[in-house]
Amino acid sequence: MAKNPKKPLNEMSFMDHLEELRWLLVRSTIVVLIMATVIFFVSDYIFDDLVLAPLKPDFVTYGFFCDLAHQLEVSDICITANDFNFIIQNTDMEGQVNILVWVCIVGGFIIGFPYILWEFWRFISPALYEKERKGARLFISVSSLLFFLGVLFGYYLIIPMSVNFFATFKVSDLIKNQFNLDSYISMFKTSLIACGLFFELPVIIYFLSRLGLVSAEFLRKTRKYSVVGILVVAAIVTPPDVVSQIIVSIPMLIIFEGSILIAAIVGKKKEIIEKT
C-alpha cells in the first residue's frame, strides 16, 4: 500500500505534529547510533589520540600556551610535564564499558549533528515562507559550522585549561591527585556539547527574533549581565590568571555580540515589512 502523502501544515492536527516529532527523534537516534557504531570500531584511536590527548603534556594547546607565556613573560599559563603528576583511574567494575558506550554516543551525536539539523529543518519548514525554505542549505551549513567550531573551542581550550587548573591545584602538598576516569569523561563530554550548543546562540537568537520573543534592544539591556556571566564562566574553567580568562572570554563575547547584531538585522527587516 502506498504511503499517505504528508498533510499540509494547516491540515495537520496536534497529534499529527507529535507524530512528525516522534519520527524526527527516531530517525535522528538511528543516525546517532549508526555513527556511534562506527566510532566503536575505531575506539582505540578515539581514546588514545583524541579523548585522552589533553591529559598528555605534549598536547598542542600546552605548547601554544607555553610559547605565549614566554612572549608575554608570564608563567601561570605554561604547564609542563612536571605538572602532570596525577593518575587517571577506574574504580567501577563496569566503568570502562560504560565510558566506552557514552563516548561512542557523544561522538555519534557530534558527527550526526548536521543530519539532526536537517531533520529539525524539515520539521519547521512547513511554517516558513517559500523563500525561507530555500535557505535550508545555508541554515544547515552555518549551524553545523558554528557547532563544530564550538566543539573545537571546547576541545582545544576549555578542556586543556580545565585539566591545567585541576591538575595543578592543591590545598596541601600531602594530597596526591588521583582522578576518576568517569569524572574526566564527564567533564570532557560536557565541555564539548556545552560549547557546541553555545556557539549555536546566533542561530537560536535568529529564530527567537523572528518569533518576536527576543529583540536587539533586550539583548543590549542585558549585555552587562551576560558579560559578567561569560567572565564568571571563563574564571571557573581557566587557571586563575588574566591571560587565560581573556583567551576564553573573547570568542564567547564575539558570539554574544554577533547574536545582538543578528537580532538587530531581523528587527529592521520586520519593521520594513510592516511599513510596506
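Scroll up to find the structure this text is about.
In short, a report on the structure. (Residues numbered from 1 in each chain as written. Predicted model: local features only at pLDDT ≥ 70, side-chain atom pairs only at ≥ 80, totals over all residues. Heavy atoms only, no water.)

1. Things to note about the environment of S249
Positionally, S249 belongs in helix α12 (residues 242-275). Along the backbone, S249 and L231 are 18 residues apart, and their C-alpha atoms lie at a distance of 6.3 Å. Once residues lying within four places of it in the same chain are set aside, the contact partners of S249 are I230, L231 and A234. (Helix = DSSP H or I, 4+ residues; strand = E, 2+ residues; numbered from the N terminus. Contact = heavy atoms within 4.5 Å.)

2. With respect to the pattern of salt bridges
Throughout the structure, instances matching the rule amount to four salt bridges. One salt bridge in this structure joins E119 and R27, with 2.8 Å as the shortest N-O distance. Here the residue E119 occupies a position in helix α5 (residues 113-124), and R27 occupies one in helix α1 (residues 14-41), the gap between them amounting to 92 residues. Residue E119 is classed as buried on the basis of its relative accessible area of 1%. Given a relative accessible area of 26%, R27 falls into the partly exposed group. Ionic pairing is found between E217 and K221, a salt bridge with its closest N-O pair at 3.6 Å. With E217 and K221 both in helix α10 (residues 216-221) and four residues apart, this pair spans about one turn of that helix. (Salt bridge = Lys/Arg side-chain N within 4 Å of Asp/Glu carboxyl O. Buried < 20%, exposed > 50% of the residue type's maximum accessible area, 1.4 Å probe, protein only.)

3. A look at the packing of helix α4 (residues 95-111) against helix α8 (residues 181-198)
Contact geometry of α4 with α8 gives a least axis separation of 11 Å together with a crossing angle of 5 degrees. Relative to α8, the element α4 lies roughly parallel. Between α4 and α8, the residues in contact are Q96, I99, W102, V103, V106, F109 and I110 and L181, D182, I185, K189, L192 and I193, respectively. Taken together, the residues of the contact of α4 with α8 break down into 10 nonpolar, one polar and two charged. (Axes fitted to C-alpha atoms, helices over the stretch in contact; angles between N-to-C directions. Parallel < 35°, antiparallel > 145°, perpendicular 65-115°, else oblique. Nonpolar A, V, L, I, M, F, W, Y, C, P; charged D, E, K, R; others polar.)

4. Looking at the environment of V233
Positionally, V233 belongs in helix α11 (residues 223-237). For V233, a relative accessible area of 38% gives the class partly exposed. Spatially, the C-alpha atoms of V233 and M252 are 10.0 Å apart, while their sequence positions differ by 19 residues.

5. Concerning the packing of aromatic side chains
Tallied over the entire structure, the rule returns 19 aromatic pairs. Among the aromatic residues, those joined into a ring-pair cluster are F59, Y62, Y155, Y156, Y184 and F188. Over the face of the ring belonging to W102 we find K189, whose NZ or CZ atom lies 4.5 Å from the ring centre. (Phe/Tyr/Trp six-rings, centres within 6.5 Å; stacked < 30°, edge-to-face > 60°. Lys NZ or Arg CZ within 6 Å of the ring centre and 35° of its normal.)

6. Some remarks on the environment of F139
For F139, the position within the fold is in helix α7 (residues 136-168). C-alpha separation for the pair F139 and V203, spaced 64 residues apart in sequence, amounts to 8.4 Å. Discounting chain neighbours no more than four positions away, the residues touching F139 are L117, F120, W121, V203 and F207.

7. Focus: the packing of α5 against α7
Any two packed helices are characterised by how steeply their axes cross, that is the angle between the axes, and by the distance between the axes. At a closest axis distance of 9 Å, the pairing of α5 and α7 adopts a crossing angle of 140 degrees. Taken together, the axis directions place α5 and α7 in an arrangement best described as oblique. Judged by the twist between their axes, the crossing of α5 over α7 is right-handed. Each of F113, P114, L117, W118, F120 and W121 in α5 lies in contact with α7, whose residues at this interface are A136, F139, I140, S143, S144, F147 and F148. Class assignment of the residues belonging to the contact of α5 with α7 gives a composition of 11 nonpolar, two polar and no charged. (Left-handed = near helix turned anticlockwise from the far one by under 90°.)

Coordinates in, geometry out; function isn't part of it.
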